Structure formats: structure tokens, C-alpha cells
Amino acid sequence: MKSGSFEEVSRFSRVSRVKRVVAGFLSVAFLSGAMGVLSGCKKRGFGKDAEGKVKVVASIYPMYDFVKRIGGDLVAVKMLVPAGTEPHSWEPSTRDMQDLEEADLFVYNGAGMEAWADDLLGTIQNKDLIAVEASKDVSLLKTEEVHHDAHEDEDHDDDHEDHDEEGHHHHGEYDPHVWLSPKNAEVEISAIADALIEKDPEHADTYRKNLEEAKKECEALDSAFEAELAPYKGGYIVVAHEAYGYLCKEYGIKQIGIEGVSADQEPDAARMREIIDMVREYGIKCIFFEELVDPKVAKSIADETGCKTMALSPLDGLTKEDIDSGRDYFSVMKDNLQALVDSFQ
Ligand SMILES: [Zn+2]
């Protein structure tokens, strides 16, 4: 029968289509599994847990922490620069875009911290993605001001000009580490809260309440820094990289950076000599290192000058262990304050 044979043909083709789809699905599943293994198993996509939540991609650790603080359980947050990675030299891969294609908000610090952000956003297809530059309301410090601040009494201006040009070339015009002043952290947290309220007005009251609490914590932190660093105004700190411009300006201390504002260049012999001379001249007792930068230069300056070494965190990033053990912006900043006070004693 004509109709019977037609049915048979059509059933056959339906079955083979299903088989093809299943085979295709399996190979995609296999491939993405294999890619997961190759890429160190960082899980991509927001997954089921994010359903009904505001999906946020945060660039670096402080942004991630601020978003979680304001968003709590109402947001699903992914950190773009992996934990334990020094972010100044990090670059996104094409795989990092997948999270952004699914996200509602992309929260980044700005001020030149994420030099790759503009290019990345230009390639994203997700038309609903809102990009939030958290530092947009902060008054920024030029890198030149930061650099010259620590060396204004020095004579070797030619060396400094070289260093500045390099700093300028690599890292843009401004010091991006705005969050290291609690006052600026408050401004950034407020910008993030505004964006969440705009995206998810239904939960505005919760975001506002969390913002009020975060502001109080920022203000308490600022008062503690102000009070405890007051006796050391005018004092110098030697740090792994020049991340502390805003903190120093706020509380009247001065930084000498082993590396520049972007932690990507070890000092040459002349700069080493200069740092060692300043350590002796200013009676500096401590050389700070940071967890995500190799401490060997800090240790050798300390050996040469008889200084102690201590950790000071620019919060550029935290290790996974730190995050898992519940450390956050406020606890790390309190540890930083204690370390700063100890360094002067
Ligand atoms: Zn940094």
C-alpha cells in the first residue's frame, strides 16, 4: 500500500533523526566535559542554582565581595579573574565570555584595572547585559601623583621619569586601587547597590538595608584607620606594589613601591639601591610583601637592611583558601590596619 510504505519511510527517517540528535548531543556533552578537564574544571555558565536570581559577573575579588554583600541570596555571582590569580596580568579567554552572555550585570572596578573590559564588552552578544563601573563616582588619583608622592624628597629625578613612563605606558592614567580607602569602598558599594535596585526593583528594600549596613561598616573601618594611624602620619611603608595610593592619601602616610602600580615589573639594580637607601634614611622597620606576588625581592631588601617582613593585602585578589575560610574585604582590611600599625613599631 502506498500509504503504508509512506508511513514506514517517514517513521524510519524520524528514528534516524532522533539518533542523530542524540549522537550530536552526546558528542557536545563529551566535548564540553573534555574542555572542562582541559580548562582546569572552572565551571562555566550559571546553572540551576541561579534560577530566579540576578546573575552577576564580577571582574575582581573586591567587586565580587561587594556584590555578595549587597545582593546576598538574591544574586548569583561569578568572579571572572580566578581566586589566587594576580589580576594585573590576567587576560580573559573566549571561554570567559560564556558567563557574560548569560549575565544580567557585569560589575567591574574601572579606573584602568580591567584594561581588557572594553574589548570584552564589545564582543558580547548579550544586549541586556548592564555594565557597572563601580569606581565611576570616585575621584581618581593620577599614577604620577602616586609615584611622586613617595619620592618628593629624592634627587634622582631621571630614574623616576623612566619608571613613570613605563608605569604610564602599561597601566593607564590612574591608580585603579580605589577600594583600599574605606571611603571609596563605600562609594563603590553604593554604585553596585544602585545597579541592583535598578535591575531588580522588587527587592529594592533588601538591597537598601544591606547598603546601610555596609556603609556603617565602611565608616567604622575608616574611623579605625584614622585613629590608629594618626600617630604615624608622615611615615613611610615599603610595599610589594604601589597599590596604596588612596589609603596613603587618606591617612597621611607614604608608600614606596618595590613594583609599580601594576605589579608587573621587578626593580632593576638602581631602583633596588634607591629603595634600600630610603629604608635606611627613613628608619623603615618593615618590608611588606603580598600573597599573590613573589616575595623574593621584598625578602632580599629585608635581608640587606635588617627589616622584618609582613604581609599586606591590596585585595587585588584573595586565594581560594582565604575565600573558603570566610575572609572578606572587611576582615582583610582590619588585618591590614594591624599590620600597618605593627610596621611602625
Ligand atoms: Zn594591584
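Scope of this entry: the structure provided in the associated data block.

Criteria and thresholds
- Along each chain, the written sequence defines residue order, and numbers are assigned to residues from 1.
- Side-chain atom pairs in this predicted model are given and counted only at pLDDT of 80 or more, local residue features only at pLDDT of at least 70, and totals for whole chains, interfaces and linings cover all residues.
- Runs of E in the DSSP output that reach at least two residues are strands. Runs of H or I that reach at least four are helices, and both are numbered from the N terminus.
- With C-beta atoms placed from the backbone, the exposure class of a residue follows from how many other C-beta atoms lie within 10 Å of its own: 20 or more, buried; 12 or fewer, exposed; in between, partly exposed.
- It is the C-beta atoms, placed from the backbone, that decide contacts: two residues are in contact if theirs lie within 7 Å.
- Pairing between strands requires that DSSP locate at least two bridges from one strand to the other.
- Geometry is summarised by axes, namely lines fitted to C-alpha atoms with helices restricted to the contacting stretch, and by angles between N-to-C directions that run from 0 to 180 degrees.
- What we call a nonpolar core is a set of buried Ala, Val, Leu, Ile, Met, Phe, Trp, Tyr and Cys residues whose membership is set by joining through C-beta atoms within 7 Å.

## Description of the overall build of the protein chain
So, point 1. Across its full length, the protein chain carries 13 helices and eight strands.
So, point 2. Burial status across the protein chain gives 38% buried among its 345 residues.
So, point 3. For the protein chain, restricting intrachain contacts to residue pairs at least 6 apart in sequence, the fraction spanning at least 24 positions comes to 69%.

## Examining the environment of Y251
So, point 1. Mapped onto the elements, Y251 comes out in helix α9 (residues 245-251).
So, point 2. Through-space distance from the C-alpha of Y251 to that of E226 is 6.1 Å; in sequence the pair is 25 residues apart.
So, point 3. Discounting chain neighbours no more than four positions away, the residues touching Y251 are F225, E226 and L229.

## Quick look at the sheet that holds strand β4 (residues 130-133)
So, point 1. If you trace the four strands from one edge of the open sheet to the other, you get β2-β1-β3-β4, paired in parallel fashion. Because the sheet does not close on itself, it has two edges, and the strands there are β2 (75-79) and β4. In this sheet, neighbouring strand axes are inclined to one another by 25° on average, regardless of whether the strands run parallel or antiparallel.
So, point 2. Relative to β4, strand β3 (residues 105-108) runs parallel, the two being bridged by four bridges. In the sheet register, Y108 faces β4, and the bridge partner there is E133.
So, point 3. Across the sheet, helix α2 (residues 61-71) is in contact with β1 (54-58), β2 and β3; its angle to β2 comes to roughly 175°.
So, point 4. Where helix α7 (residues 182-199) meets the sheet, its contacts fall on β1, β3 and β4, and the angle it forms with β4 comes to roughly 160°.

## Looking at the nonpolar core
So, point 1. Residues V56, V67, V107 and I192 are the most contacted members of the largest nonpolar core, which totals 81 residues.
So, point 2. Among the elements that make up this core, the one with the highest residue count is helix α8 (residues 204-229) (seven residues).
So, point 3. Beyond its immediate stretch of four places on either side in the chain, V107 contacts V56, A58, S59, M63, V67, V132, A134 and I192.

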